[in-house]
Amino acid sequence: MWQPTNKLEEERLNKAQALKERGVELYPRRATRTHTTAEAIAAFEALESENPEAAAELEVTVAGRVRRVNVKGKVSFMHYADEQGRLQLFLRINDMDENQYMLVKDKLIEIDDFVQATGTMMRTRAGEISVRVSDFQLLSKTMSPLPVIKEVTQDDGTVKEYGEFSDKEARYRQRYADLAVNKDVRDVFRKRAKTIRAMQNFLDDEGMLEVETPILQPIYGGAAARPFTTHHNQLHQDLFLRISFELYLKRLLVGGYDAVYEIGRDFRNEGVSWKHNPEFTMLEFYKAYIDYTGVMDITERMTAYVAEQVTGSTKIIWQDHEIDLTPPWERLTIREAGKKYAGVDYMDTPDAESMAVMLEEKFGEKVAPGESWGRMVVERLLGNQIEPHLIQPTIIMDYPRDMSPFAKPTEYDVKHTERFEYFIGGMEMGNAFTELNDPFDQEQRFVDMATLYGKGKDEETPFDEDYLRAMRYGMPPMGGYGGGVDRLVMLLTNQRSIRDVVMFPHLRSRDTVESESDSSEV
RNA sequence: GGCUCCGUAGCUCAAUUGGCAGAGCAGUUGACUCUUAAUCAAUUGGUUGCUGGUUCAAGUCCAGCCGGAGUCACCA
């Protein structure tokens, strides 16, 4: 049984007992509400100008969480809040049942409790719209007080907050408390929902079908990442949480759909950072009969559309930058971007040895032995030297073949593939290709992968024979896209950490002892 | 995993060279029939993340651990 952990909770427990003794139900079964806060205010304001008498007779029943209490004696004021806003309750002992009033006067019903009130709408002498309460009930008694934040709605309508709940760890671990007191956090997640809805609307209008594919997969693939593993007991089978949807979605175009998309969770067993969470939300789409330039076009239009829907503009503020998402965006090959932003032409160093020397001399990069040429181009030259410059939306295209096992080669050079990534605010936002639909080439890529990443390497890519079989049935030429939804939400809400756009970000658990399996980790 | 910084009351923060652990808010008691960061008077609240060490004396110095933030590594 729960015990109070501090004086404040002890007081609340005492009050709960006192309420019971007065016959008050702490957690009544039912509530009624005729008006939300916004509806009550709107209804009153609409009547007030034309017909003041009718406005004064407007009766409402409202409900919400108490956010401010001012007991003055035989008259008291309360602010309660629902999701849309807050409203004042004017409680006067003459206007209501004396016993009900005394629950407030004796502070048995207090800040953070949920209440229901019935009364007529009015304005106080100070001009604040309020409910003149005639009936008042407790809906839910709060045992643990929320962090103290005083909100004051100013004349210009903006809300000023006094006090704050800013401890990041506490906010992430107890997001419910964070949401309860920090309105701007609630707004971020409303925008998150809008972002996803806007994407769906856009892609539906493009004629794509939204689908769902397995999260538990016997063979993982479609990206290079360490998976989480689990086990199905009855089937005696190890399963992996997906690291991408790619291979399943492309199978569906073999099946006859022209275009499909999926928005869902991916899981990658890797480091966490301001832009990495172990589980994150991804959008992937595949559309037949277009190539990667067609995907570029969709990407630009989709991003602009979503930004417009969510923020009302295609120009957004991200940290210290104003970013213009209006199409078209700058498009550069990696090679051009290397010349422009890093001052090097990587084709001057066309093999791993010379590339390593150049990177070390020019940028002080310490290249690990055995790193491939393509990896150095993508991760060191692009990732470390170019990416931080890409604040305005930029498409970077034509990636080295060995880093792009599902992309078709470019016409001009088999060393490169028709692949692009795009960057906004210095963040990689997504990745796309002209998809490889040649089963012979794909089989060779799997073999190459095994050589490159095989034998105990963490990123080992399993050979997916069923995927090759699907390809042999005939796969239409197509363009495909994968992009991070969380990062787009960060951009549109100007949040600097992925944890601020994920409701319950992953944190180390507080009170578990290190398990034995952890000791095998380095 | 490496490095740097951080952890003090419910929340936000103080605490001089190592010298009695404090403030505001909220909480408690009382007053107040139009308050609004209400006001006025009085007042409670602490295993200073944990464990150990140095010292006459540790929030402060040292070591280890736990947790967080940042950064690097890692992340086709």
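Rules of the game
Numbering of residues starts from 1 in every chain and runs along the sequence as written. Ligands are numbered from 1 and chains lettered from A, in the order in which they are written. Restriction of local features to residues with pLDDT of at least 70 applies here, the model being predicted, together with a cutoff of 80 or more for giving and counting side-chain atom pairs; totals for whole chains, interfaces and linings are based on all residues. Excluding hydrogens and water, the side-chain values take into account all heavy atoms of the structure. If even one non-hydrogen atom of a residue comes within 4 Å of a molecule or strand, that residue is called near it. A 3.5 Å cut-off defines polar contacts: any pair of N or O atoms within that distance qualifies, except that in protein one atom must be a possible hydrogen donor and the other a possible acceptor, and neighbouring residues in sequence count only when both atoms are side-chain atoms. Put simply, DSSP marks the helices as runs of H or I at least four residues long and the strands as runs of E at least two long, and each gets a number from the N terminus on. Classification used: nonpolar for Ala, Val, Leu, Ile, Met, Phe, Trp, Tyr, Cys and Pro, charged for Asp, Glu, Lys and Arg, polar for all others including Gly. Only buried Ala, Val, Leu, Ile, Met, Phe, Trp, Tyr and Cys residues count toward a nonpolar core, and they belong to the same one when joined by side-chain atoms within 4.5 Å. Working definition: with a 1.4 Å probe on protein chains only, accessible area under 20% of the residue-type maximum means buried, over 50% means exposed, and in between means partly exposed. Residue contacts are counted whenever heavy atoms from the two residues lie within 4.5 Å of one another. Each pair of strands is called paired provided DSSP finds at least two bridges between the two strands. Axis lines are fitted to C-alpha atoms, over the contacting stretch for helices. Their N-to-C directions set the angle, which ranges from 0 to 180 degrees. In this analysis, a patch consists of residues with relative accessible area above 30% that form no salt bridge, clustered at 9 Å for like charges and at 5 Å for the nonpolar side chains Val, Leu, Ile, Met, Phe, Trp and Tyr. Residue burial considers only the protein chains on display, and all accessible areas are found by Shrake-Rupley using a 1.4 Å probe. What counts as a salt bridge is simple: a side-chain nitrogen of Lys or Arg found within 4 Å of a carboxyl oxygen of Asp or Glu. None of His or the chain ends enter the tally, which takes Lys and Arg as positive and Asp and Glu as negative. To locate a charge, take atom NZ for lysine, CZ for arginine, CG for aspartate or CD for glutamate. Only Phe, Tyr and Trp rings take part, Trp by its six-membered ring, and two of them pair if their centres are within 6.5 Å. Stacked means planes under 30 degrees apart, edge-to-face means over 60, and tilted covers everything else. Geometrically, a charge over a ring is one whose NZ (Lys) or CZ (Arg) sits within 6 Å of the ring centre while staying within 35 degrees of the ring normal.

Participant: Looking at this model, I keep getting lost on the protein's contact with RNA strand B. Mind explaining?
Facilitator: The full set close to RNA strand B counts 62 residues, and Lys-15, Asn-70, Glu-164, Glu-169 and Arg-375 are the nearest of them. Counting only the atoms of RNA strand B within 4 Å of the protein, the fraction contributed by sugar and phosphate is 63%. Within the contact set of RNA strand B, a base nitrogen lies 2.7 Å away from a backbone nitrogen or oxygen of Lys-72. Contributions of two or more residues to the surface near RNA strand B are made by α1 (7–21), β1 (59–71), β2 (75–82), β3 (85–92), β6 (150–153), α5 (168–173), α12 (373–386) and α13 (439–453). The residue makeup of the surface near RNA strand B, split by class, is 26 nonpolar, eleven polar and 25 charged.

Participant: I tried to follow the nonpolar core on my own but got confused; where do I start?
Facilitator: One recurring pattern in soluble globular proteins: nonpolar side chains tend to sit buried together. Among the nonpolar cores identified, the biggest contains 48 residues, and Leu-283, Phe-285, Phe-420 and Leu-491 are the most heavily contacted of them. If we skip the residues at most four places from it in the chain, Leu-283 touches Met-199, Leu-203, Tyr-261, Glu-262, Ile-263, Met-302, Tyr-481, Gly-482, Gly-483 and Val-485. With 32 residues, the next largest nonpolar core counts Leu-58, Val-66, Tyr-101 and Met-143 among its residues.

Participant: Would you mind going over unusual backbone geometry with me for this structure?
Facilitator: Both trends apply: most residues other than glycine have a negative phi, and most peptide bonds are in trans. Geometrically, the link from Pro-327 to Pro-328 is a cis peptide bond, its omega value of -5° lying close to zero. Along the chain, Pro-328 turns up in the loop between β15 (321–324) and β16 (330–333). The backbone of His-236 shows a phi angle near 50°, a positive value even though the residue is not glycine. Looking at the secondary structure, you find His-236 in the loop between β10 (229–232) and β11 (237–241). On the basis of relative accessibility, which here comes to 67%, the residue His-236 falls in the exposed class.

Participant: Can you walk me through the sheet that holds strand β5 (residues 129–140) in this structure?
Facilitator: Backbone hydrogen bonds are what pair the strands of a sheet, in a parallel or an antiparallel way. Pairing is mixed in the closed barrel, where five strands are placed in the order β1-β2-β3-β5-β4. Going across the sheet, the axis of each strand differs from the next one's by a mean of 55°, ignoring polarity. Sheet topology note: the strand β4 (residues 114–123)/β5 ladder contains ten bridges and is antiparallel. Following the sheet pairing, Arg-123 is matched in β5 by Ile-129.

Participant: Is there a simple way to think about a negative patch on the surface in this case?
Facilitator: Negative charge collects at one region of the surface, where Asp-204, Asp-205, Glu-210 and Glu-212 lie side by side. Structurally, the position occupied by Asp-205 is in helix α7 (residues 183–205).

Participant: Honestly, the side chain of Asp-112 in this entry has me stumped. Any pointers?
Facilitator: Looking at where Asp-112 falls in the secondary structure, it is placed in the loop between α4 (98–105) and β4. Once you skip the residues sitting within four places of it in the chain, Asp-112 turns out to touch Arg-12, Arg-65, Val-66, Arg-67, Thr-142, Pro-145 and Leu-146.

Participant: Just to check I follow, could you spell out the packing of aromatic side chains for this structure?
Facilitator: The description of an aromatic ring pair uses the distance of the two centres, along with the angle that the planes make with each other. This model, assessed by the stated rule, comprises ten aromatic pairs. Among the aromatic residues, those joined into a cluster by ring pairs are Phe-285, Trp-329, Tyr-422 and Tyr-481. Lying over the aromatic face of Tyr-248, Arg-251 brings its terminal NZ or CZ to 4.8 Å of the ring centre. Sitting over the ring of Trp-373, Lys-415 keeps its end group 4.1 Å from the ring centre.

Participant: Whenever I open this one, the sheet that holds strand β19 (residues 427–434) confuses me. Can you help?
Facilitator: Ordered in space as β8-β12-β13-β20-β19-β18-β17-β16, the eight strands form an open sheet in which the pairing is mixed. This sheet does not close on itself; its edge strands, each paired only once, are β8 (209–210) and β16. α7 contacts β8, β12 (259–267) and β13 (279–288) of the sheet and is inclined by roughly 155° relative to β12.

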